[in-house]
Amino acid sequence: AFSIVHSADGNKKFYLVKEKHSHSEKVIALPRNLIDYSFQFFDKFMWRFSRQTLKDVLMLNERFNFTYKKISRLPEYKEADIIHFHNLHGSYFDFEAIEKIAAEKKIVWTMHDMWTMTGGEAHTIGGQNFVEGKPERNGKTIYAVNRPLVDRRQFYLGKKKSLYLEHSKSIFFVACSQWIAENFRKAYVFNPNVNLSLIYNGIETGFYQNLNQRTWSTPRLLFFNSSSPWKGAEIFKNILPLIKGSFELVLVGKKIEGASVLKHYETVTDKKELLSLYNQVDILVFPSIAETFPLMTLEAMSCGVTVIASNAGGIPEQITDDTGYVFQNGDENGLLEKIETAISDISLCRKKGMMAAASVRAKFDIYTMIGNYTALYKQVFQSN
């Protein structure tokens, strides 16, 4: 989605989204036209046979959405001073619209993944072709590129490089981790005139708190069994039977065959349920393969949970030796070792959790993030 900002302090703001799931008057769904419904009609048939959409096959997700025509008619857009982009991939936003918007408005663009510097992949999973300006070799299977018959990634790399060069005074990029900032600086599409700031994502530390309920004697592990291939569920499932030491497993998602589970939840989406869940465990196992700056780890840490996570993306910027455990991305033995170390000393584990909560409050509170964005908005307003 993206935001329309009218004031330097960010108080007057509207949110434009592909699909609205809110009753707020400040959330606006992009209008849909006959072309949108036509694609939707054909996609119903294509999905049955190929699990793909027509735009996926032709790699046209950022084309024929008529984004600029839709938003340019909105009074909120006409009166806006800043357009704040978040994730633009998702078959609702035309890439060409960025050029038209940049010619009229100032743009703040938060990079939540690597899409801004690739031909279409949200993450390169360690690949370095984006540095040379080439599509990743296995990138056709990486979201948001979905096995296209027509590969347009080289075209989009060229378009992005030209766009950032031509409109470097209008676009202000924001990295939500040092990791993504460093990758952007070495990317083919980058140029020295680009405006780039670091603003960490924040969470509501006043809500996600340690409720001091940990009176049980056996360490409890929390694991979210995600179906996404990039969340590393298989890594944990492979080492689960090998863990030496006593622990109890709290599982969210699909059941794991043969696993003894203390508590199982099909899904947890409500914030209050999440708060309760984090406070029922000592350890969160987070073996994700692709991340930029996850919020789940921060939420758990803020509740006094010791997080054991891969070193994917900006995770090492969240977790230190004093607050949790970081293992090499994809290293099953490394994860096994960290889990066994954590469950061997529940007192140390809870001490790390308390230090983790203090660290998140100090560095990653949502009001710190808001203050940083407000300062950036003021800078953008004052720029020529």
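Let us now look at the sheet that holds strand S13 (residues 324-327). Judged by pairing direction, the sheet is parallel, and its six strands sit side by side in the order S10-S9-S8-S11-S12-S13 without closing on themselves. The open sheet is flanked by strand S10 (263-265) and S13, the only strands paired with a single partner. Within the sheet, the average angular offset between the axes of one strand and its neighbour, ignoring direction, is 15°. Sheet contacts for helix H11 (residues 295-302): strand S8 (220-225), strand S11 (283-286) and strand S12 (306-310); angle to S11, the most-contacted strand, approximately 170°.

Turning to the nonpolar core, a few remarks are in order. Counting residues in hydrophobic clusters, the biggest one holds 41 residues, and the most contacted among them are Phe85, Ile98, Trp109, Met117 and Phe184. Secondary structure elements with two or more residues in this core: strand S2 (13-17), strand S4 (82-85), helix H5 (95-102), strand S5 (106-111), helix H7 (153-166), strand S6 (171-175) and helix H8 (178-185). Contact partners of Met117, with chain neighbours within four places excluded, come to Met111, Phe130, Leu157, Ile180, Asn183, Phe184, Ala187 and Val189. Counting 29 residues, the second-largest nonpolar core is a separate cluster that includes Leu274, Val281, Val305 and Phe364.

A word on the packing of aromatic side chains. For the coordinates displayed, the defined rule picks out 23 aromatic pairs. With 6.4 Å between their ring centres and 40° between their planes, Tyr373 and Tyr377 make a pair best called tilted. You can see Tyr373 and its partner Tyr377 sitting in helix H14 (residues 366-382), four residues apart, about one turn around the helix. Looking at Tyr377, the relative accessible area reads 2%, which means it is buried. One aromatic cluster is present, formed by Phe85, Tyr92, Phe93, Phe95, Trp109, Trp115, Phe155, Tyr156, Tyr164, Phe173, Phe184 and Phe190 through successive ring pairs.

Here the focus is the state of the cysteines. Two cysteines form a disulfide when their sulfur atoms are joined by a covalent bond. Tallying each qualifying case throughout the model produces zero disulfides. Free cysteine: Cys349, not disulfide-bonded; nearest cysteine sulfur from Cys303 at 14 Å. On the basis of relative accessible area, Cys349 is assigned to the buried category, the value being 2%.

Rules used in this analysis
Position numbers for residues count from 1 along each chain, tracking the sequence in the order it is written. In view of the model being predicted, local features appear only for residues whose pLDDT reaches at least 70, and side-chain atom pairs are presented and counted only at 80 or more, with totals across whole chains, interfaces and linings using the full set of residues. Side-chain metrics in this entry use all non-hydrogen atoms of the structure; hydrogen atoms and water are not considered. We call two strands paired when DSSP finds no fewer than two bridges between them. Numbering of helices and strands runs from the N terminus, with a helix taken as a DSSP run of H or I at least four residues long and a strand as a DSSP run of E at least two residues long. Angles run from 0 to 180 degrees between N-to-C directions of axes, and those axes are lines fitted to C-alpha atoms, restricted for helices to the stretch in contact. Note on contacts: a residue pair qualifies if any of its non-hydrogen atoms lie within 4.5 Å across the two residues. Remark: nonpolar core denotes a set of buried residues (Ala, Val, Leu, Ile, Met, Phe, Trp, Tyr, Cys) joined through side-chain atoms within 4.5 Å. A 1.4 Å probe rolled over the protein chains alone gives each residue an accessible area, and that area as a share of the maximum for its type sets the label: buried under 20%, exposed over 50%, partly exposed in between. Pairing of aromatic side chains here covers Phe, Tyr and the six-membered ring of Trp, requires ring centres within 6.5 Å, and sorts the geometry by plane angle: under 30 degrees stacked, over 60 edge-to-face, intermediate tilted. When two cysteine sulfur atoms lie within 2.5 Å, the pair is treated as a disulfide.

Functional significance is not addressed by these values, which are geometric in nature.
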